[in-house]
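# Coordinates in review
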Amino acid sequence: MVVIKRGAIKSFTSLERIKREVELLSELRSEYYPQQHHFNIDVKTKEFEIVESYIEGKTLRDSMAEFKEPKDIFRLLSSLTKGLAIIWDKNIVHRDLKPENIIIRPSGLPCIIDLGIARFIDLEALTKTISPIGPCTPIYAAPEQLNNNKNLIDPRTDFFGLGIISLELFLGVHPFDPNIVGNHYSIVENIMQNIYALETGSVKQNNSVTEFASKTLKTQPYQRFRNYQMLNDFISQQE
Amino acid sequence: MKVYHQTGFRDNWNRESYLNGIGDGLIFSPINIDADKLLGFDSILKVNSFLDPQLYLLNEAKGTLHTYPYFPGNLKPDFSTPDLDNSNLQIAQLCVDYQVANNFKYLVIPTRYNEDNPTSYFIQSTEFFVLPFCEYVRGNNINKKILLSVIVKPIMLSDEEKRNEALNWITSHQQVDGVYLIFENNFNSKQIKDFDYLLNTLRFISVLKENQMEVHIGYTNTEAILYSIAMPDSISIGSYENLRSFGIKRFQDIENSPMRAPNARLYSSKLFQWIDYQYITAMKSLLPSYEDFFDDSEFKPLMFKPEFKWHFAKPEPYKHYFYVFDNQIKSIPIEQICRIEKLKEDLRSAITLFKKIENVVFLDDNSNGSHLPTWLNVINAYQRELDN
């Protein structure tokens, strides 16, 4: 069974780099990613088309209750970073990590989908989206993505996404949600201002989760883990 | 913390000192030493050392730079920036191969000097130098640590946006192990006395250390000991002032430019100061124990003989500095907090000693330790930030 994804390409900047990236992604053979059978960019119609294997399982969005405990969260993070390291090593950034883009297989192993698609999407349009479940929603985006500062996008951008996901799993709500941080801004505005919650009325702070979030959710990339080895080291100490 | 010899003109003084056990390695300077001559050096001089590739001005063939295979002018006459589009891979290969052939401790990614450092500077540096360099190292399974050379302009320290841009760029390269930092120095005074500049420098180094990068600081003068409290991995010692303070003029092929002979000076670790020899002569007349203000070394007896003719071209004052400053750096405590307290104590002692000297000998601003109160204030401010 396969999944076919089509979409409009809003920007053709760095087309050569995008093509190289697409080729690399097509060559990926890893249980952490669906196998890509076809990935095409049509310059004339400004559309992309991906045909990839269907992955059995539930999205992390639908499995959140299974990952509430810090040890389960860090075990998941450990698997995710192992998978993501494969693309980070190739200088590729996922750019759109969120619970909807992670499928938990029946074996418990995560599979990361929609890899590289965010590369083609116009973020200016995204920032106007308020739905938390739309494709490439900005509520999991790092500040450099929201600022459209493409020069700053590197694996540390994905670290920010992992920071949000881990804290959301722990709290049960989005950590930048104005309802829990207690302000009237939107989630995106709270991300831009780096205002987030580490606990709620029903969930008390956990030192490991707090430390991980504090390090990954920094506004400036240089304040986060510098590379995935440092990220992995931290995660493995918590498992 | 290690001490590297920043070599340049009269690099034989550095090599001789290093072979006598002073310093932990050398930073070789292509404009001052022929590429083949460097290849022929004994490995003992190179195995703990590294090369400063000096592509700062791309096609400026100062000194012996043109003898290096990666010098762009050798690939194409009148090489200019647009040529990097097609030649960056070749330059990277030649630059890596030359460094590997010398078996240096580190491989250093070149950097260019840019007067204004626009945002495109970082993008181009990545495209033209960092990526091709790292990809070639990786593709050829070369197992050596990689240092990124970076010229830190004063605005990158003082302006938050520029600082963030520089730090985000430096820390973005996953395959780079460390950084060879060169702080551009536009100060007129011989010692740095600018509180904000020094504090921001300490912060800059700290961020890189927090990112677990090796931090090697080139072109340092005595402020290196102040930088030590931010826990860099190494600082440098150099003979002439242009090796203890980075200025791009050293790499420009300016014919018939006026040369100014510097006054000979002697460094004192007790005073954290180079003292103009004319004041040493005055101290000799006015202070009975004047020799005690200066460190002992094998060169001291000769320099303090009445017949010694002080001159900037004589090796003794510089070799004395290498020996004394290396010892001073090696004697600092390993723990950061102990290092800070020891430095504060030593700086206070130096200020007291200056008071004794200035009771009878008047010194100018470049010899009187006027930088010391600022250094103490910088340390206090930095320490407060650490405590918070």
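This is a predicted model, so every value here is computed, not measured.

The next subject is the overall build of chain B. Each helix and strand counted, chain B has 15 helices and 10 strands in total. Against the globule reference of 21 Å for 388 residues, chain B gives a C-alpha radius of gyration of 21 Å, in line with a compact fold. In terms of its C-alpha atoms, chain B occupies a principal-axis envelope of roughly 65 × 50 × 35 Å. Expressed as a percentage of the 388 residues in chain B, the buried residues total 45%. Taking the intrachain contacts of chain B between residues at least 6 apart in sequence as the baseline, contacts between residues at least 24 apart amount to 68%.

Turning our attention to the sheet that holds strand β1 (residues 2–8) of chain A. All names here are of chain A. With respect to topology, three strands assemble into an open sheet ordered β1-β3-β2, the strand pairing being antiparallel. Looking at the sheet topology across the chains shown, the edges are occupied by β1 and β2 (36–42). Direction aside, the axes of adjacent strands within the sheet are offset by 10° on average. As paired strands, β2 and strand β3 (residues 47–53) are joined by six bridges and run antiparallel to one another. By the bridge assignment for β3, isoleucine 41 is matched with phenylalanine 48.

Moving on: the packing of helix α2 (residues 70–88) of chain A against helix α5 (residues 155–171) of chain A. The angle between the axes and the distance between the axes are what describe a pair of packed helices. Residues and elements named next belong to chain A. Where α2 meets α5, the closest approach of the two axes is 11 Å, and the angle between their N-to-C directions is 160°. Judged by the inter-axis angle, α2 sits roughly antiparallel to α5. Every pair of crossing elements has a handedness; the one defined by α2 and α5 is right-handed. Within the contact between the two elements, α2 uses Pro70, Ile73, Leu77, Leu80, Leu84 and Trp88 and α5 uses Pro155, Asp158, Leu162, Ser166, Leu169 and Phe170.

Neighbouring strands of a sheet are bound in pairs by backbone hydrogen bonds; such pairs are parallel or else antiparallel. All names here are of chain A. If you trace the three strands from one edge of the open sheet to the other, you get β4-β5-β6, paired in antiparallel fashion. With partners counted over all chains shown, the strands left at the sheet margins are β4 (58–59) and β6 (110–112), one partner each. Of the pairings in the sheet, the one linking β4 to strand β5 (residues 102–104) comprises two bridges and is antiparallel in character. From the neighbouring strand, threonine 59 faces β5, where its bridge partner is isoleucine 103.

In this section: the domain arrangement of chain B. Residue and element names in this part refer to chain B. Segmentation of chain B into domains returns domain 1 (2–251) and domain 2 (265–387). For domain 1 versus domain 2, the separation of C-alpha centres amounts to 28 Å. Between domain 1 and domain 2, the contact holds 23 residues from the first and 28 residues from the second. Elements with a minimum of two residues in the side of domain 1 that touches domain 2: α1 (11–19), α9 (195–210), α10 (224–227) and β8 (234–237). Element by element, the count of residues in the side of domain 1 that touches domain 2 is highest for α9, at four residues. Residues of the side of domain 1 that touches domain 2, tallied by class, amount to 14 nonpolar, seven polar and two charged.

The subject of this paragraph is the pairing of strand β6 (residues 178–183) of chain B. All names here are of chain B. Among the six residues of β6, six are classified as buried, and the element is accordingly described as predominantly covered. Because side chains alternate across β6, one face comprises the buried residues Gly178, Tyr180 and Ile182, and the other comprises Val179, Leu181 and Phe183, equally buried. The sheet contact formed by β6 and strand β7 (residues 214–218) spans five bridges and is parallel. The partner of tyrosine 180 across the bridge, within β7, is histidine 216. For the handedness criterion, the β-α-β arrangement of β6, α9 and β7 is classed as right-handed.

With that settled, the discussion passes to the interface of chain B and chain A. Where interface size is quoted, it is often the accessible area lost as the parts come together. At the junction of the two partners, chain B supplies 10 residues and chain A supplies 10 residues. The leading source of residues in the side of chain B that touches chain A is helix α8 (residues 160–170) of chain B, at three residues. Looking at side-chain class alone, the side of chain B that touches chain A contains three nonpolar, seven polar and no charged residues.

Residues and elements named next belong to chain A. Helix length check: α2 (19 residues) gives 25 Å between terminal C-alpha atoms against 27 Å at 1.5 Å per residue, within 8%. Looking at α2, one finds that the buried residues are Ile73, Phe74, Leu76, Leu77, Ser79, Leu80, Thr81, Gly83, Leu84, Ile87 and Trp88. On its buried face, α2 sits against β6, α5, α8 (207–216) and α9 (228–238).

Residue and element names in this part refer to chain B. Listing the buried residues of α1 in full gives Asp11, Asn14, Ser17 and Tyr18. Along the axis of α1, the buried positions cluster into a sector of 120°, meaning they face one direction only. In α1, those exposed residues whose orientation departs by more than 90 degrees from the buried face are Asn12 and Leu19. For α1, the secondary structure elements touched by its buried residues are β1 (2–6), β2 (25–28), α3 (43–46) and α13 (316–330). Once α1 finishes, glycine 21 follows within two positions and takes phi at roughly 95°, a positive value.

What counts and how
- Residues numbered from 1 in each chain as written.
- Chains lettered and ligands numbered in written order.
- Predicted model: local features only at pLDDT ≥ 70, side-chain atom pairs only at ≥ 80, totals over all residues.
- Helix = DSSP H or I, 4+ residues; strand = E, 2+ residues; numbered from the N terminus.
- Rg over C-alpha atoms; globule rule 2.2 N^0.38 Å.
- Buried ≥ 20, exposed ≤ 12 C-beta atoms within 10 Å, placed from the backbone.
- Contact = placed C-beta atoms within 7 Å.
- Pairing = 2+ DSSP bridges.
- Axes fitted to C-alpha atoms, helices over the stretch in contact; angles between N-to-C directions.
- Parallel < 35°, antiparallel > 145°, perpendicular 65-115°, else oblique.
- Left-handed = near helix turned anticlockwise from the far one by under 90°.
- Domains from an automatic or database assignment.
- Nonpolar A, V, L, I, M, F, W, Y, C, P; charged D, E, K, R; others polar.
- Right-handed = clockwise from strand over helix to strand, strands pointing away.
- Expected span 1.5 Å × (residues − 1).
- Arc of directions from axis to C-beta.

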